[in-house]
Structures are given as C-alpha cells and as structure tokens.
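Single-letter residue listing:
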Amino acid sequence: MSREKILAAVAANQPASQPLPPDPGMNFPAGDLVEKFAAVVTAIGARVVGIGSVAEIPARIAELFQGGRIVSFIPELAEIAENDISPATDPHTLENVDVTILQPHFAVAENGACWITEDLMGHRVLPFITQHLAMVVTAEQIVPTMHQAYDRIAEGAYGFAAFIAGPSKTADIEQSLVLGAHGPRSMTIFLVGL
Amino acid sequence: MNGELVLMNNERRTMDNQAKNVNLGDSKKMTVGLFIPCYVDQFYPNAGIATLQLLEKLGVDVHYPAGQTCCGQPMANSGFEHLTHGCNDLFIKNFSGYDYIVAPSGSCVLHVKDHLHSGQEEDKALSVRGKIYELIEFLTDVLKVENLEARFPHKVGLHQSCHGQRGLKLSQMTELVAPGFSKPGYLLNMVKDLELVPLDRMDECCGFGGTFCVAEEAVSVKMGKDRVEDHLKHGAEFITAADMSCLMHMEGILRRKKSGVKVMHIAEILNAG
Amino acid sequence: MMERTHKDHAQLSDVFNEDEPRVNWHDETLWWVRQKRDRAAHGIPEFELLRETASQIKNNVLSNLSDYLVQFEANALANGIIVHWAANAAEHNRIVHSILEKHDVKRIVKSKSMLTEECHLNEYLGGQGISVVDSDLGELIVQLAKEPPSHIVLPCIHKKKEEIGEIFHRHLGTEKGMSDPQVLTETARQHLRETFLTRRIALTGVNFAIAETGEFVVCTNEGNADMGAHLSDVHIASMGIEKLIPKRKHLGVFLRLLTRSATGQPVTTYSSHFKTPRKGQEMHIILVDNGRSAQLGRKEFRNSLKCIRCGACMNTCPVYRRSGGHSYHNAIAGPIGAILAPNLDMKEYADLPFASTLCGSCSNVCPVKIDIHDQLYKWRQVIVQEGYAATVKSVSMKAMAFTLSSPALYRFAGKSGRLFLKYAPFAVSNQMNPWYKQREMPEPPAESFGEWYKKNRN
C-alpha cells in the first residue's frame, strides 16, 4: 500500500518537530477602509458603484447592463431577477446567465476580495459562469486584511466558498491584461452608503 | 518575536562589529592581515596597492603575509569544496594571528566567512571566519570612517557585486522590504567631485559567477553586456565595485566593444586624488 | 557511462541567445513582473514578517508532515472526499486513469497543475486514448504548440503574441495575422466554454490543503478551475504531499504572499475553498509523493519542499530571464527547479545547479524564505561527490579546467605564480576559449601585487 509506504517514509525523514510561529496579528495601517477597498477594487479591474440603499440596485442594473438573464437572491431584486437557482439546478442550464448580483459575507480592503460561501451562490458555478458579476457590500462589512478575514471565517461551515477579487482575467499573452478570461467579464461592487 | 528573528539574521554582522570594536578600543593598535585575492594579485595589483595605501592612510597597521594564495572559492563554487582543505589550512596559517583580516573582494570574504573549515583546527577556522572583513565594511563598520581625503572628478556607476551585497549585506537589497542603505555609496559620497550615476537595475548580477563565466558563456556574456549597458546609458565614465572579478568581466566586455569607459576598484577611487 | 541524449542548460542557453533582441524581450518581460512584485511587496510594511511567518509555518509542516497527512486524510474523508495515495508519478497517472475508466470517460478538462506536468500526465493519458484539454490560457497555448510550459505561473511567457496568433489561426480558426491579446483571449474563452460544458470529469491542482478541515484551496485568475470543477460530475484534485498547511487561518498568511510574489497582484481573482463535493458530485484527492519524502530526508535540501510555486525566483533570476524556461529541461524551471530536480534524477539534472551565478536574488524574493542559492551551492558539492559532474560535459570540463588552473592548486604543485596567466581561462586568445569569444582578456600588468609589495614595503 502506497499510503503506508509514504507515511512511513515521511515519518522517518521528517526533522524534529518545530513549533508554529505566533500569529502575525498586525493591523492594517490606519486609514479609511472603504477608501482603500474602493481604490483596490478599481485597480484590479472592477468598478465601484456607490448606492444609498439596496433598493437603488434595480435602477442601476438597468443603466449598467443590457438586460438579459439576471439572477439574484436579494429580495429587493425579485422584480428584475430570477431567484430559483439551487444546488439541485443543473449547472449547464446556467450557461446563458448574463448578470448575477450576490451578497457576500464581507470584503477585504487590502485586496478587494469578497468572501462568499456556497449557500449565498445558489449554485457553485453561478459566480463563475455568469457573464457579469456584481456584489453588494456595505461599509461595515469591510475588514482590513486577510488575517481579519480568516478570523471572521473562523470555523465556519461550508461545502464550497471563495474569495472573489475582480473580474476573471489573464495576462498570459505577453503580460497584456485581458479581462474576461473564462469567468465574468466584469465585476461591479455596489457599495452601500458610499 | 518573528521580527527579532528577521533582524537577527540581517544585523548579525553589525552586532559582531560593534562588540569587537568595543573590545578592541583604539583601532590604531590593531593588526590587520591583508588578503589580496589571486586574480587581483595577478591582474589588478593597483586595486591591492590602493587597498594597502588607504588602510595605511587611515593609520592601520597592515601586513601582507607573503605565503598567501587563494581562498578556494573557484573550486568550492564548482562543487569541489572537498579539494579546498589545503587552501583552507594555508589561509588559517597565514591569517589567524591578526586581529582582523581585510580583503578587497566581497566574494572571497563571503566564501571564507561561510565555508572555511579545518580538519585539525576548527576553532581557528571559526575565529578567522569571524574576523575577516571586506574592505568597505571594514572602513564603515570597524574604522567607522567619516571622511576621506579623496577626489575623483568623474561620473561613476556603482556596481553592487552580489556576494558583497546579498552575502555580506554591504547594501540593502531591492528585493527586501527594509530601509535602504549602501556602505559603498556612503564612502563614495565622501569623495570630492565624484558624481554617482543612477541605474535602472540597482543590484542585478553582472554574470561573472566564477566558473559560470566560462561554463555558461552565452548567458554570462549577455548578463555582462546588459549590466554594462545600464551604466553606459546613464553616462558613467567609470564602473566601480567592491569586487574586482565583476569588473574584470565587465572590462572584458567594454574593451571588446571598444568603449572608452573604464572599470576601477572602489579602493582606487577612495584612495584617489 | 551513458551520455544524456539532450542538450544541457549551457548548450540550450547558447541556442536561446542566438536571437539577442528576443533575449532582451524575454528579460524585460520578466523583469516587469519582478517590478510588479516589488511594488506589491513594498505596499505591505510587514512583508518581511509575513515571509518569516510563512517560513516557520512551513517548517512546522515539514517537521510534522506525517501527522498532518493523516489528519488531512481523516477530515477529507469525513467531508466526503475520496482520498488516494500515489508513491510516484506512474501511480498517480494510473489512479487518474482508473477514475476515468470507472466513469467511462475519454475526454477531460484540466486546470493548471505543475504536479501533473511533473508526472507527465497528459502524455500518459494520451497513450491511453484519453484527450486532455488544458484550460489555463497559457497552458492551452503551449499544449497547442506541443511544448511544455516554460514558467510555472506564466506558461507561455516565452512566446510572442504573433506566434500565439499563428497557433490560434491553425488550431482555433482565428484570422491569419491576428495577434491582439484581447481577440485571442476571447477566442479561447468561446472555445473552452464549450469544453467546460461538455466534460464530465475535471482535474485541478491544489495550492493549499488544510489539515484541520480537510479542505483544499485552488487559486486562479481566469476562473478555469472553478468552471471545470463545478460543471463536472467528477472533480479530481492532484496535490504534492508538501502542499499541506495546518490551519485555515494560515491561509491568511499564504494568500497575502502568494500572488504578490507571483505577479504583483494583491490576491488572485479566485481563491476557491473546496471542502465537500457538490450534491451528486464525486470528489477525489490524490496525495502524491514522487520523491518528496526522499527530499524531506535530505537535511540540506528539505527546505525546497516549502515552495508554494509562486515563480518569483524565476522572474528575478538573471540567468532564467536570459536562458528561458526550456533551457532547464524540467517541468519546473528556474532556481527552484534547479534545487528540486536533482532529487528526482541527479544525473539527468546535474547541470542545473551550475546554471547560476549564486547571486542570491532568488532567496531574497522567496515568500517562504527557501535558501535557494545556498542549496544550489550544496547541490554542486553533492553532484561532484557523487560523480555526476562528468555527465555534464560543458559545465564540468570547463569548470575543471578553470579549477585546475587556480593558483592554489597550481602553487601547491610548486610552480611559480606567474604561470597562472597561462592557465587562466581568460589567458588564451582564441575562439575555443569561452572567455575570449565575446570578452577581452585582462591585460597582464608589469608586476603582481606580491612583487610590488616585496619591492615597496619590505
């Protein structure tokens, strides 16, 4: 059995146990988290749209996108979006979704990432297969760094979860940045209260 | 805690230096053994002479043990460290009697510092490793030179030789997120009428690399050409460094392209005027 | 002794350097990535503390790896993941194939996995009649070009857009002469969307696996790993056993470092945490050793297993930038490849540790502080002692010639010092002399320092 063979070889060859270091636990240099978050989000190829409340989103969606198939689980968007996507949905039926608007748990100022777990995605593939993705973030939801992010995630239960930072992108051809590789072509952050 | 670890690593040398300086007191009474690396001895005696004269000017009691040869680095870097025992023993014999050992080559000093061993006298080997200094760091850290009577009215490009810079930490490295400093830059700034030119790549390797210069000829030469070009582009009349081997390589390239730009060991500039 | 059938690093670099403008372009492209890395790192005042912390976490991992593997396995099983163990590349490939056979699948889609490159999975599956489509854009390009990746993060960084345009014209039907990255990327998007939608099995790599939770994290910018995995009935994830980290919170440290070091981005677009299979989906993890447990036993070299595959050492390496990834003739190129490869086959890769000036820049950018250049030096000692230097003709013979001409060995032989000139590599003015080919020799002075000293100071 390779399992036993590998484990025996590893056990025989690993050095004496070395302790884990203390957590870095540093704070993000003081500054406005919202401002930092908005700046980073823009730098990574997404756009920030300030809104007073979630109720404004349907109107902004109409302005920003060309319609098509829109998916969201936000109650205020029920008029414009379908919301009956679930883990039981055949993912292949989502291939023609144009716009998806989701609410992540929180976002990270230092890298513009939004943390979203499976239960907020409808189906795992939705945030990836949709042509355009939008996330609704409030100022209080922004944490400084990934350390605080994992403090918040803690022992949280999920089957699948992701940090999503900006639109899908590639620079594989001569380091030229192209947005919209395989996932969403654009990422919009609706920043509530900006 | 982690921070301390990082610092300890980077500042080990400085702390060594301070401790030793305190113990030794008056720097004029110390004895210094001068190690002139083989290729400097053979090809660039002026760099050796300038080193000697500079130390003498600063009141240091310098001796050049006649029986010296090589630090053993050419062999060791080629994978033949096991053939350097003879070299090592000779080095210990020549130099262990001095308070300090100084050499105008970061590369050779780093090699001795990291790899000098002895079958019979490991304590002596360790002691040699602890007291060998590259010329620049000896000037800034042990002698704590604050001014120099030198004049060199030229535009100079400073090449940061890797072993001196990344090995001996003569200058801050661009890779690290840490405060900048440059010991050779500090000294060159004391030289009257000298203008240091900026470079696009402050600390890229020149491609000499010991036997690399012949074993990987194509890449070595290309690296050298690129490095030289950076200095030329910024108007350097002289390229200087704390390591003559890098300069020998760049000189070979400059002369092949019939450039009028010269190389000069930093000791010659600090001793000029 | 059997000679190697292919060229060594020095010979391959000679070929690469025949086109100097192209070398300049390659060097500058990768230097640009290094500069992006610097800007990202300098934006984090505590960056060096992060590196030190990451390094210590990895020390802890390597020193407790057997326990962490067992812990990870138990948690992954509890999460409903099927766990496999592969002692070597062949076993890994067989396991993948057996899963495909079980599901009667002949076509799969794969996101980036350097481990599968190391195992030559595509070739193996090809031989079994299985078609594999690489979905990372760079990997797709080199796959269509029938070449291996030349860089672990930027697989086709050696290719110019015009060449990629030609490949796309031939394989994907783009207009001849079209080389706009925007258009080429859009073409790949359309082409691969079809692939993602029709493949029942997707294979991904693994960036980090968490012992305490049994989950694993895959980082991409393109979203290709997620498109493959979430549309498939079966997700196979291949990982080297060294990819483990103890706790979920440690991702905070590693994800802050990984992409900043790799491309200068603050984080990859997607950091996907896979903990359980989707309802109705099958999820497999293959834990691969393939020499890692042996490397763990090499005291001087075990730290190489801390590598998180960011590629920073390649981008900063002045040799890599001027010799190209293929000159390393190994799945993993550059400085890190040069310290990993000899463990797998010392004879085959005896040349790689010599493909360096030991400048040390690699160790300085390494986010987990692997002492890469010190290990290059140490591998040289091992390779010479084990007698493998002799198989690397152009390196060792020239090196030996130089070594034997060193004044130390030479003076031990009792000759006079001036003869050094005759034997030094730069002392012979002919085209056979690798020094003289493109460089002038130093001009021998009238007297040596030693001679001057004797006259002037004694």
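Bear in mind the structure is a predicted one, so any value in this text is a computation, not a measurement.

1. Overview of the domain arrangement of chain B
Residues and elements named next belong to chain B. The domain boundaries assigned to chain B delineate domain 1 (2–142) and domain 2 (155–270). Facing the 29 residues of domain 1 at the interface are 22 residues of domain 2. At the boundary of domain 1 with domain 2, total buried surface from both sides reaches about 2100 Å², with 69% on carbon and sulfur atoms. When the buried area of domain 1 at its contact with domain 2 is split by residue, Tyr44, Leu110 and Ile136 rank highest and sum to 26% of it.

2. Quick look at the domain arrangement of chain C
Residues and elements named next belong to chain C. As far as domains go, chain C holds domain 1 (9–38 + 311–396), domain 2 (46–135 + 200–293), domain 3 (147–198) and domain 4 (405–457). Using C-alpha coordinates to define each centre, domain 1 is positioned 26 Å away from domain 2. Of the residues lining the interface, 16 residues belong to domain 1; the matching set on domain 2 comes to 18 residues. For the pairing of domain 1 and domain 2, the buried interface totals around 1300 Å² over both sides, and the portion due to carbon and sulfur atoms is 54%. By the criterion of area lost to domain 2, the three top residues of domain 1 are Arg37, Pro367 and Lys369, representing 38% of everything that side buries. Here Glu52 and Lys369 are joined by a salt bridge, their closest N and O atoms 2.7 Å apart. At the surface where domain 1 touches domain 2, the tally comes to seven residue pairs in polar contact (both at pLDDT 80 or more). Put simply, the parts of the chain that give the side of domain 1 that touches domain 2 at least two residues each are helix 2 (20–42), helix 14 (312–316), helix 16 (334–344) and helix 17 (361–365).

3. Side note on the interface of chain B and chain C
The interface is formed by 74 residues belonging to chain B together with 85 residues belonging to chain C. Summing both partners gives a buried area of about 7000 Å² for chain B against chain C, and 60% of it is carried by carbon and sulfur. The interface formed by chain B and chain C contains eleven salt bridges. Note that Glu217 of chain B is salt-bridged to Lys437 of chain C, the shortest N-O span being 3.5 Å. Linking chain B with chain C are 34 residue pairs in polar contact (both at pLDDT 80 or more), by the criterion used here. A per-class count over the side of chain B that touches chain C returns 36 nonpolar, 23 polar and 15 charged.

4. Side note on the interface of chain A and chain C
Chain A puts 71 residues into the contact, and the matching count from chain C is 99 residues. Carbon and sulfur atoms supply 59% of the area that chain A and chain C bury against each other, a total of about 6800 Å² over both sides. The interface formed by chain A and chain C includes five salt bridges. Close ionic contact of Arg256 of chain C with Glu110 of chain A constitutes a salt bridge, the shortest N to O distance being 2.9 Å. Between chain A and chain C we count 43 residue pairs in polar contact (both at pLDDT 80 or more) in total. Residue contributions to the side of chain A that touches chain C peak at nine residues, all from helix 1 (residues 2–13) of chain A.

Rules behind the numbers
- All chains use their own residue numbering, which begins from 1 and follows the written sequence.
- Ligands are numbered from 1 and chains lettered from A, in the order in which they are written.
- Local features in a predicted model are, by the rule used here, given only for residues with pLDDT of at least 70; side-chain atom pairs are given and counted only at 80 or more, and totals for whole chains, interfaces and linings are based on all residues.
- As a convention, hydrogens and water are excluded, and side-chain values are obtained from all of the structure's heavy atoms.
- Marked domain ranges trace back to an automatic or database domain assignment.
- What makes two residues a contact is simply this: any of their non-hydrogen atoms within 4.5 Å.
- Two parts placed together each lose some accessible area under a 1.4 Å probe, and the buried area is that loss summed for both.
- The salt bridge criterion pairs a side-chain nitrogen of Lys or Arg with a carboxyl oxygen of Asp or Glu, the two atoms within 4 Å.
- Two N or O atoms form a polar contact when they lie within 3.5 Å of each other; inside protein one atom must be a possible hydrogen donor and the other a possible acceptor, and for residues adjacent in sequence the pair counts only when both atoms belong to side chains.
- The way it works is that DSSP assigns letters per residue, a run of H or I at least four long becomes a helix, a run of E at least two long becomes a strand, and they are numbered from the N terminus.
- Only Asp, Glu, Lys and Arg are considered charged in this grouping, and only Ala, Val, Leu, Ile, Met, Phe, Trp, Tyr, Cys and Pro are considered nonpolar; every other residue, Gly among them, is considered polar.

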